[in-house]
Amino acid sequence: LAGNEWKKDPTLVKVKDVEVGGNKVVVAAGPCAVESEEQTLTVARAVKRAGASLLRGGAYKPRTSPYSFQGLGEEGLKILRRASEETGLPVVSEILDARDRDAFVKFADMIQIGARNSQNFTLLREAGKMGKPVLLKRGLGNTVEELIQSAEYILMEGNGNVVLCERGIRTFEKSTRFTLDLGGMVAGKLMTHLPFCADPSHPAGKRELVHSLALASVAAGADMILIEVHPKPEVALSDSEQQLTPDSFQLLMERIKALASVL
Ligand code: PEP
Ligand code: MN
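Residues numbered from 1 in each chain as written. Chains lettered and ligands numbered in written order. Predicted model: local features only at pLDDT ≥ 70, side-chain atom pairs only at ≥ 80, totals over all residues. Heavy atoms only, no water.

Caption draft 1: Examining the packing of aromatic side chains more closely. If you walk through the whole model with that rule in mind, you get two aromatic pairs. Where Tyr60 meets Phe104, the ring centres are 5.6 Å apart and the plane angle is 35°; that geometry is what we call tilted. Remark: Phe104 occurs in helix α3 (residues 101-107) and Tyr60 occurs in the loop between β4 (54-56) and α2 (74-87); sequence separation between them is 44 residues. Judged on exposure class, the residue Tyr60 and its partner Phe104 are both buried. Ring geometry for Phe121 versus Tyr153: centroids 4.5 Å apart, planes at 25°, classification stacked. Pair noted here: Phe121 is in helix α4 (residues 121-128) and Tyr153 is in helix α5 (residues 144-156), with a separation of 32 residues, a long-range link. Overall, Phe121 belongs to the partly exposed group, its relative accessible area being 34%. Note on Tyr153: relative accessible area 23%, which makes it partly exposed. (Phe/Tyr/Trp six-rings, centres within 6.5 Å; stacked < 30°, edge-to-face > 60°. Helix = DSSP H or I, 4+ residues; strand = E, 2+ residues; numbered from the N terminus. Buried < 20%, exposed > 50% of the residue type's maximum accessible area, 1.4 Å probe, protein only.)

Caption draft 2: Highlighting the pattern of salt bridges. This model, assessed by the stated rule, comprises 15 salt bridges. Across the salt bridge formed by Asp109 and Lys16, the nearest N and O atoms sit 3.5 Å from each other. Of this pair, Asp109 sits in the loop between α3 and β6 (110-113) while Lys16 sits in the loop between β1 (13-15) and β2 (18-20), and the two are 93 residues apart along the sequence. In this structure Asp109 comes out as buried when scored by relative accessible area, which is 8%. Note that Arg82 is salt-bridged to Glu37, the shortest N-O span being 3.0 Å. In this pair, Arg82 sits in helix α2 while Glu37 sits in helix α1 (residues 37-50), placing the two residues 45 residues apart along the sequence. Within the structure, one salt-bridge network assembled from shared partners comprises Lys16, Arg81 and Asp109. (Salt bridge = Lys/Arg side-chain N within 4 Å of Asp/Glu carboxyl O.)

Remember, this is a structural readout, not a statement about activity or role.
So this is what it looks like as structure tokens:
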């Protein structure tokens with residue numbers, strides 16, 4: 001179903017009134033984690049002002065250490081909903097557990113499946129039944145073909161609204177947190193009719209690298225870009241090193257628009 005042997009035209013994924021997969025790049029931005037109403041509203045207003053189309057924030061966080069901040073849970077989703085009502089930006093948020101499905105159906109506009117759950121086949125099937133578009137990230141150790149097979153689980157349930165996301169893979173290279181595989185994304189776009197998102201924030205790991213990786217992703221043909229933004233990145237409760245300040249995000253948006261206009 002995800003392959004383009006039978007479907008030649010690119011799929012447009014609708015997230016409320018935002019279309020992913022057209023000729024323009026859709027930018028989703030927001031904090032790694034929802035930490036408070038004030039923090040989320042501040043970022044939501046800033047990214048809206050800068051031209052983002054989707055608000056992305058984590059309410060349930062998949063953390064390597066169980067002692068790290070795990071997110072505000074359902075309260076985080078409610079905060080995102082309020083930020084969406086104020087700004088008009090549809091909300092993208094990651095689900096970790098199918099038992100939270102009702103809260104996601106109620107409060108989120110797009111369901112993110114993170115890298116660590118990219119092959120959680122029961123969760124993929126469940127996401128296919130939720131009636132919402134899905135942002136499916138590539139697993140840290142998965143090939144592009146495996147990512148497309150994961151999408152197949154969602155499509156099989158009758159949900160064709162899936163955006164694939166290149167977010168970097170584990171390699172021997174240590175100069176970035178993960179290796180952003182833009183070659184894989186370009187190759188993947190030739191294998192499927194589904195749109196591709198690129199997340200330059202997580203593979204960068206350091207904010208100094210985010211602009212270049214984001215612009216490279218746009219140049220490589222990403223339909224959507226995901227950028228982490230925090231009002232005070234230095235005190236963020238997760239991914240503090242890679243989140244952009246609102247000012248830096250605004251500058252990045254100007255650079256993305258300038259680049260997109262010549263592609
Ligand atoms: C995230 O998007 O905040 C996240 C945890 O990403 P990933 O699943 O790609 O690590
Ligand atoms: Mn993050």
